[in-house]
Amino acid sequence: MFAWGEGSLQGLRRGQESSSGPVHFLSLSFSVQDLCRGPGLLSFVRASGDTFLIRTARAQDGGAARARQKLVRCEEKIQAVRCSDESLALLSRSGRVFCLDPSVAPLSPRLLRNLSSVAVTQLSCGGQHSVALTSDRQVYVWGGNGSGQLGQGAGGPQVRSPEPLRALSSVPVVQVAAGGTQSFCLSVSGAVFGWGGNQCGQLGLGDTTDRLTPTLVKPLNTWRTIQICCGREHTAVLTKDGAVFTFGSGRFGQLGHNSFRRELHPRLVGELWGAKVTGIACGSYHTLVLTERHRIFSFGRDDRQQLGRGEDSQPSVALPVRLPRCNSRVAAIFAGENCSYATCRQEAPTGCQGPESQHCLEQMIEEWTGRAKSLKQLRADVTRAFSSACCFNQSFLDRRGDQHLRIGPGCPGLDLALAESSFSSLLRLAVTTEVEAAVAQLLPGLPHRPASVEGLRIYLLLMELLHVLQQQSQRTPLGDTLACSLARLSGESLELIVDWWSSLPQHLSRRYVEVWKRHLTTIFFSSLNPYCLEREVTASLQLLQRLSTANDKIHAAKRLPSETFSVDVCQLVLREDLRRWLALRTDQDANTDRPLVLFTFPSLISGRSKRTALDLYIHTMMVYFHDDPTLTELHKKNFFHHFFKQLMSERADMFHFNDSQTLAWFPPSATGEAREKFRLMGLLCGLALYNGCMVALPFPLVLFKKLLNVEPTLDDMMEFSPCVAEGLRCVLEYGDQELETLCQTFEISWAGSLVDLDTENPGKPVTSANKAEFVEAYINHAFTSSVVQVFQEFRRGFFQVYRPELLLMFQPEELQAAVVGTDTCDWEQLRLTTQYDLPYLMKHPVQVQMFWEVFDELSEEQRRDFLWFLTGSRRAPILGMGQIRLFIRERLDSRDEHYPESLTCHSILELPVYSSKEIMRTRLREALVQERGWQM
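Because the structure is a prediction, the values reported are computed rather than measured.

Q: I'm lost on the overall build of the chain in this one. Help?
A: Counting its regular elements, the chain contains 27 helices and 38 strands. By the compact-globule yardstick of 30 Å for 936 residues, the chain is too spread out, its C-alpha radius of gyration being 39 Å. With the C-alpha coordinates of the chain rotated into their principal frame, the extents come out at 125 × 75 × 65 Å. The buried share among the 936 residues of the chain stands at 54%.

Set out below in C-alpha cells:
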C-alpha cells in the first residue's frame, strides 16, 4: 500500500518500507479492502472482514504521536467503513449498518435498527450527516440538516434515525456521496442529483443557493457519469469516457483548473483529457485521480504533503504523484482529510451484492420462470417487485451502445421488445392478479413531477404490460388506473412521455395507440356504464388526444394515418351524449351534464360513429319531400343519383373542371340566378346526407375543409391540379437566381382568366422574399377569394338542413366520406352481406360460387369498376360495404352472349346463367367497361 500526507503512517504495522519523497510504500501483512480517514482517526477493513481503528493525533513537538491499531469487535463481517467528523459507520457484508463513537471505550458498534429490515449496499458520510443506498435502490438519510443536506424539503434540526428520501423513491439510484454539507446521488442512467450546502457552488447548479431537495445537475446529463466524490467544499465527477469534472471551491486548487477560483458549473479538468481516468477520490481540500495506466494524479491543498508530489509543484494543476518503484500496480485510491492512500490489490467483497448486480425485473422473471418455486412464494416475490417504481425504472434498459445513458427527449433508453417477452413469460405463471393488484397500489403514490426523467420510464413499461394483459383478457383494471395516473402528471412530464412515444418505431407507436383504443372500446361496448367511469374514460381520451396531436408533428414517412386514432362508440353513449348536447343548448347551467365523448373529443370518434350520431340526431327532426312523407329509401336514392348525375354533366356547364376533367370546382363568377342554383345544390347535398344517400360529387377535399372552416393548403392544389401545385412547390424551393430566370410575377391564369394577385402593385415580380406570399395568394384566390359568393350560397344551402356546430365534430375527410363515400372498401364485408334471390340460389348454387371466384380474381381497380357498375360510385359508404345491400338474381332470357346488368339505385346485380367460369369471367369484365351494361 502507498501512503502519504499528514499522519498517514500512524499505527500501521508494516514490514518492508520504501519511499520516494513524501510517498511511502508499505508492505503490509494483510490486504486492505476499504479505508477511510477522518479528523483524528483512521479506520480500515481487512479482506477478512475485520475492522480496525487507529486514533491519530499530533505530538506536542508537532510530530506524529504514537498510535495503536484497535480491533472493532462487531457481530458481523464488514465490507466498508466511512468517517464523519465525529463518528464512524460500518457496512456489513450482509447489508446492515453499524455506528460507532470512536472516542468512547470500549469500541461497541450499534446497529441502526431503522435500516435492519433492508440490505444496504452503499454508505457515505459527510461532515455531520450520512447517506445510505439500499438493495432496492432507495436512499436513506440521517444526521445534521443545517444546510438541507438530508434533502427532505426543509433545513433545520438533526434527524437521528435514517429516513427514506421520498423525492427519489422512483429513481433507480446506483451511487450516493456526501461531502461537508452537500449530498449527491447517481442514477442508473447517469443522472446526477445534488442537494444541501452550496455556498461555494459545490452542487454545480450555477449559483450559491442551498437546495433542500434533490436537484438535477443538468450540465452533466450528456456526459454519462459513473462516479461522484465529495470534499468539504468541492465535488468531483467521473464519466464513462474517463473525463473528470470538478466544481465548487477552488481556494486550494482542488478543482485542478490551474486557478484558485470557484466554479459554479461542472468544468472539465483539461490536464486530464485523454488520460482515461478510472477512479477519483476527494479529501477535505484535495483530489486524487487514478488512470487506466495505474498512475495517480493529484491537485489541491498540499500543506501536509497530501498531494505526494514534492515541494515545488503547482497545486492547482493535475500532476503525477511520485510513487516509489515497486512491482505492484495501483488498484484503488483513498483520500482522507489531509492524507492519501493507494492499495495495490483490492479484494472483492463477499456477501452483500453491489448495486450494479442487483436483480431487475427481466432477471427476476427469468429466475421465476426457470426455477421451481412454491406458488405462494412466487406470488409474494411478484407482489414485492411490482410494487416498486424504482424496480420498474431500472429494468429493461437498452444497453446497446449505452442507450440507457442517453435518456432524454426522443430516447427513453428502454428495450421494449425484451419487456414484452418477459411480461408474456411471467403472466403464464398464473400471477396476473398479483401483478395487477401491485401496480394498482403503486400508481397512486407516484410523484406528479419525478425528480428525474428516469422516473417516467415506468409509464412506457406499464403500457407494454397493459398490451400483454389485453392479450389475455379484454378488460383489465390496469388501464383505468394507468390512465388516471398519467392524467395526474405535470404537463412537462406528460409531454416527455408523448415525445418518447413519437420516437418509437412505427409498429410500437401504433401498438400503444391500439392499447388505449382497445381499453376504451371494452368500456363502451361492455356491460359497464361509461358514465360511472367518466374520470377514467376522460383520462384515456385525453392521452389518446395528446398522441394524435403529437402524431401530426411527426415526419410524414413515420406518421400514423389519422384514422389510427379513431374509436368506435356505442349507440348508448352517442344517444346520451347527444341528449346532453341538446340540453346544453337550451340550458347553460354549470350543473348540466356535459357530453362524455361527442363534441368533447370529436377528432377521436370514428367516422362510422359520427355518422351514427348524425342519424340519431335526424330522428329528432322531420324533413321529407313536399306532399309525400312516405317516399321509400329507394325512391330517395334514385332521385339523388339522377339529380347529381345530371348536375355534374357537361351539359349543366356549372363548374370549373381540372385539366384531367376528374374534379370540379366552383366557377369564379356567377349571376344571381346561377348563385341560387348553388344554394339549391348545397341544400340537396345536405338532404342527401340527411337521408343517408351517397352522391356522385367529384369535388376535392378542399370543399369539405371550407365547410368546416379549415384553410386550404398546397396539398389541396396538389389534389385538384398537380401541375400547378408542382410549379408552386418549385417556386418555394427556388432561390433568387432561379426566380429571376423564371420571370414570374403576381399575375396568374386561373379558370381561363388572367388575375393579378396584388392589385396595388401590378406586375410585382416573385422573389425569394415574397415567394411564400405568392403561393399563399395563389391558393387563396383559387379556392376562396374567386368563389366567395358562389361558395357562400352553397354553404348556406347545405346548413339549412343541419346546425353548423353539429357537423363541426367531423374532420374534412370524414364529412367527405359521409357525403360521397370512402376510399376504404372491405370486399369481404360486401360478400358476407350479399343477399340472393331464393329460387336463383336454390337452382344455381354453382353460379354463385363461380361469381365470387371470378370476383376474387379481379384487381383492386376492377373491383372499384364493379362498385361503379353496381352503385354508380367508386366509393364505399362510410358505415361500411354492408350498407350497399347487394342483391343477386338471375337475368331473364339469359344466354352466354349476354352481359350482367345492374340496377344502380337498388344495388341489384342480374347475372345470366353461364355455361362456364371462363365465359362468366369474360362477360363480367367486359360489362365493367363503362360503355356497357349499365341500366338505370
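Q: Teacher, can you tell me more about helix 8 (residues 491-503) here?
A: The periodicity of an α-helix, 3.6 residues per turn, causes residues three or four places apart in sequence to face the same way. Spanning 13 residues, helix 8 covers 18 Å between terminal C-alpha atoms, matching the ideal 18 Å at 1.5 Å per step. Listed as buried for helix 8 are Ser493, Leu494, Leu496, Ile497, Val498, Trp500, Trp501 and Ser502. Among the structural elements, helix 6 (457-472), helix 7 (478-488), helix 9 (506-524) and helix 10 (534-552) are those in contact with the buried residues of helix 8.

Q: Looking at this structure, how should I read the packing of aromatic side chains?
A: Aromatic ring pairs are reported here in terms of the distance separating the ring centres and the angle at which the planes meet. For the structure shown, the criterion picks out 36 aromatic pairs. For the ring pair Phe655 and Phe678, a centre distance of 5.8 Å and an interplane angle of 75 degrees mean the geometry is edge-to-face. Linking Phe655 in the loop between helix 13 (633-647) and strand 30 (656-657) with Phe678 in helix 14 (residues 672-690), this pair joins segments that are 23 residues apart in sequence. Here Arg46 stacks its cationic end above the ring of Phe30, 4.0 Å away from the centre of that ring. Positioned over the ring face of Phe746 is Lys764, at 4.3 Å from the centre of the ring.

Q: How do you make sense of the pairing of strand 35 (residues 887-890) when you look at a structure like this?
A: Residues in a regular strand project their side chains so that they alternate between the two faces of the sheet. Of the pairings in the sheet, the one linking strand 34 (residues 835-836) to strand 35 comprises two bridges and is parallel in character. Considered in strand 35, the bridge of Gln835 is made with Phe887. By the bridge criterion, four bridges tie strand 35 to strand 37 (residues 908-911) in an arrangement that is parallel. For Glu890, the partnering residue across the bridge sits in strand 37 and is Leu911.

Q: How should I be thinking about the sheet that holds strand 6 (residues 51-55) in this particular structure?
A: Each strand in a sheet pairs with another by means of backbone hydrogen bonds, the pair being arranged parallel or else antiparallel. Sheet architecture is open: four strands sit in the order 4-5-6-7, paired in antiparallel fashion. Of all strands in the sheet, those with a lone pairing partner are strand 4 (32-38) and strand 7 (69-72), marking the two edges. For this sheet, the mean inter-axis angle between neighbouring strands, taken without regard to orientation, is 25 degrees. Of the strand pairs in this sheet, strand 6 and strand 7 are connected by four bridges, and their pairing is antiparallel. Along strand 7, the bridge assignment pairs Ile54 with Gln69.

Q: Please explain the state of the cysteines as it appears in this structure.
A: Tallying each qualifying case throughout the model produces one disulfide. Across a sulfur-sulfur distance of 2.4 Å, Cys36 and Cys83 are joined as a disulfide pair. Here the disulfide of Cys36 and Cys83 is right-handed, its torsion about the S-S bond being about 55 degrees. Placement of the pair is Cys36 in strand 4 and Cys83 in strand 8 (residues 78-83), with a sequence separation of 47 residues. Side by side, Cys36 and Cys83 carry an identical accessibility label, which is buried. We note that Cys282 lacks a disulfide partner, and the nearest cysteine sulfur, in Cys229, lies 5.1 Å from it. Classification of Cys282 as buried rests on a relative accessible area of 11%.

Q: What am I meant to see in the sheet that holds strand 11 (residues 110-111) here?
A: Reading across from one edge, 8-9-10-11 is the order of the four strands in this open sheet, with antiparallel pairing throughout. Since the sheet does not close on itself, it has two edges, and those belong to strand 8 and strand 11, each with one partner. Pairing geometry for strand 10 (residues 97-100) and strand 11, over two bridges, is antiparallel. Within strand 11, the residue paired with Phe98 across the bridge is Leu111.

Q: Even after reading the chapter, I still don't get the pairing of strand 21 (residues 234-239), so can you show me in this structure?
A: A large share of strand 21 lies buried, amounting to six of its six residues. Of the two faces of strand 21, the one carrying His234, Ala236 and Leu238 and the one carrying Thr235, Val237 and Thr239 are both buried. As paired strands, strand 20 (residues 225-230) and strand 21 are joined by five bridges and run antiparallel to one another. Looking at strand 21, one finds that Ile228 is bridged to Val237.

Q: I tried to follow the pattern of salt bridges on my own but got confused; where do I start?
A: Close approach of charged atoms allows side chains of opposite charge to pair. Tallying each qualifying case throughout the model produces 52 salt bridges. One salt bridge in this structure joins Arg580 and Asp593, with 3.9 Å as the shortest N-O distance. Pair noted here: Arg580 is in helix 11 (residues 571-586) and Asp593 is in the loop between helix 11 and helix 12 (607-618), with a separation of 13 residues, a long-range link. The exposure class assigned to Asp593 is partly exposed, which follows from its relative accessible area of 41%. In this structure, Arg874 and Glu861 form a salt bridge, with 2.4 Å as the shortest nitrogen-oxygen distance. Of the two residues, Arg874 is situated in the loop between helix 26 (860-871) and strand 35 and Glu861 in helix 26; the sequence distance between them amounts to 13 residues. Its relative accessible area of 26% is what places Arg874 among the partly exposed residues. Among the charged side chains, a salt-bridge network with shared partners connects Glu6, Arg301, Asp303 and Arg304.

Q: How do you make sense of the environment of Phe783 when you look at a structure like this?
A: Structurally, Phe783 can be placed in helix 19 (residues 771-783). Separated by 122 residues in the primary sequence, Phe783 and Gln661 have C-alpha atoms spaced 17 Å apart. Residues within four places of Phe783 in sequence aside, it is in contact with Trp665, Val702, Lys706, Pro712, Asp716, Met717 and Phe720.

Q: Is there a simple way to think about the packing of helix 5 (residues 432-442) against helix 6 in this case?
A: To characterise two packed helices, one gives the angle between the axes of the helices and the distance between these axes. Two numbers describe how helix 5 lies on helix 6: the axes approach to 12 Å, and their chain directions differ by 145 degrees. In the crossing of helix 5 with helix 6, the sense of the turn from one axis to the other is left-handed. Along its contact with helix 5, which presents Thr432, Val435, Glu436, Val439 and Leu442, the element helix 6 presents Ile458, Leu462, Leu465, Leu469 and Gln472. For the contact of helix 5 with helix 6, the class distribution of residues is seven nonpolar, two polar and one charged.

Q: Help me out: how do you make sense of the side chain of Ser540 in this one?
A: When you line up the elements, Ser540 lands in helix 10. A relative accessible area of 0% means that Ser540 is categorised as buried. Ignoring anything within four residues of it in the chain, the contact list for Ser540 reads Ala483, Trp516, His519 and Leu520.

Q: Looking at this structure, how should I read helix 25 (residues 845-857)?
A: Under the 1.5 Å per step criterion, the end-to-end length of helix 25 is 19 Å for 13 residues, consistent within 8% with the ideal 18 Å. Three or more residues of helix 25 are buried, namely Gln847, Val848, Met850, Phe851, Trp852, Val854 and Phe855.

Q: Explanation requested: the confidence of the model for the chain in the structure shown.
A: As a note on interpretation, predicted positions should not be read in detail where pLDDT is low. Of the residues in the chain, 94% reach a pLDDT of 70 or more, and the chain-wide mean stands at 88. The lowest-confidence element of the chain is strand 38 (residues 934-935), averaging 38 in pLDDT; the highest-confidence one is strand 22 (residues 244-248), averaging 98. Every residue in residues 347-357 is under pLDDT 50, and counting partners more than four places away or in other chains gives 23 contacts. Scored below 50 in pLDDT, residues 931-936 shows 23 contacts in the model against residues more than four places distant or in partner chains.

Q: Looking at this structure, I do not really get the packing of helix 25 against helix 27 (residues 917-927). What am I missing?
A: For the pair helix 25 and helix 27, interaxial distance at closest approach is 10 Å and the crossing angle is 55 degrees. Taken together, the axes of helix 25 and helix 27 lie oblique to each other. Here the hand of the crossing between helix 25 and helix 27 comes out right-handed. For the pair formed by helix 25 and helix 27, the contact residues are Gln847, Met850, Phe851, Glu853, Val854 and Glu857 on the first element and Lys917, Met920, Arg921, Leu924 and Arg925 on the second. Grouping the constituent residues of the contact of helix 25 with helix 27 by class yields five nonpolar, one polar and five charged.

Q: Just to check I follow, could you spell out the side chain of Gln202 for this structure?
A: If you trace the backbone, Gln202 turns up in the loop between strand 18 (192-196) and strand 19 (211-216). At 3.5 Å, the side chain of Gln202 forms a polar contact with the backbone nitrogen of Gln199. Residues contacting Gln202, with those up to four places away along its chain left out, are Thr181, Gln182, Phe184, Gly197, Arg232, Glu233, His234, Thr235, Phe247 and Gly248.

Q: So what exactly am I meant to see when it comes to unusual backbone geometry here?
A: As a rule of thumb, non-glycine residues mostly have phi less than zero, and peptide bonds are mostly trans rather than cis. Residues other than glycine seldom take positive phi values, yet Arg137 does so here, at roughly 70 degrees. Overall, Arg137 belongs to the buried group, its relative accessible area being 4%. Of note, Cys743 is a non-glycine position whose phi angle comes to about 60 degrees, a positive value. As for its position among the elements, Cys743 is in the loop between helix 18 (736-742) and strand 32 (747-750). On the basis of relative accessibility, which here comes to 61%, the residue Cys743 falls in the exposed class.

Analysis parameters
Residues numbered from 1 in each chain as written. Predicted model: local features only at pLDDT ≥ 70, side-chain atom pairs only at ≥ 80, totals over all residues. Heavy atoms only, no water. Helix = DSSP H or I, 4+ residues; strand = E, 2+ residues; numbered from the N terminus. Rg over C-alpha atoms; globule rule 2.2 N^0.38 Å. Buried < 20%, exposed > 50% of the residue type's maximum accessible area, 1.4 Å probe, protein only. Expected span 1.5 Å × (residues − 1). Contact = heavy atoms within 4.5 Å. Phe/Tyr/Trp six-rings, centres within 6.5 Å; stacked < 30°, edge-to-face > 60°. Lys NZ or Arg CZ within 6 Å of the ring centre and 35° of its normal. Pairing = 2+ DSSP bridges. Axes fitted to C-alpha atoms, helices over the stretch in contact; angles between N-to-C directions. Disulfide = S-S within 2.5 Å. Salt bridge = Lys/Arg side-chain N within 4 Å of Asp/Glu carboxyl O. Left-handed = near helix turned anticlockwise from the far one by under 90°. Nonpolar A, V, L, I, M, F, W, Y, C, P; charged D, E, K, R; others polar. pLDDT = per-residue confidence, 0-100. Parallel < 35°, antiparallel > 145°, perpendicular 65-115°, else oblique. Polar contact = N/O pair within 3.5 Å; in protein donor to acceptor, adjacent residues only side chain to side chain.

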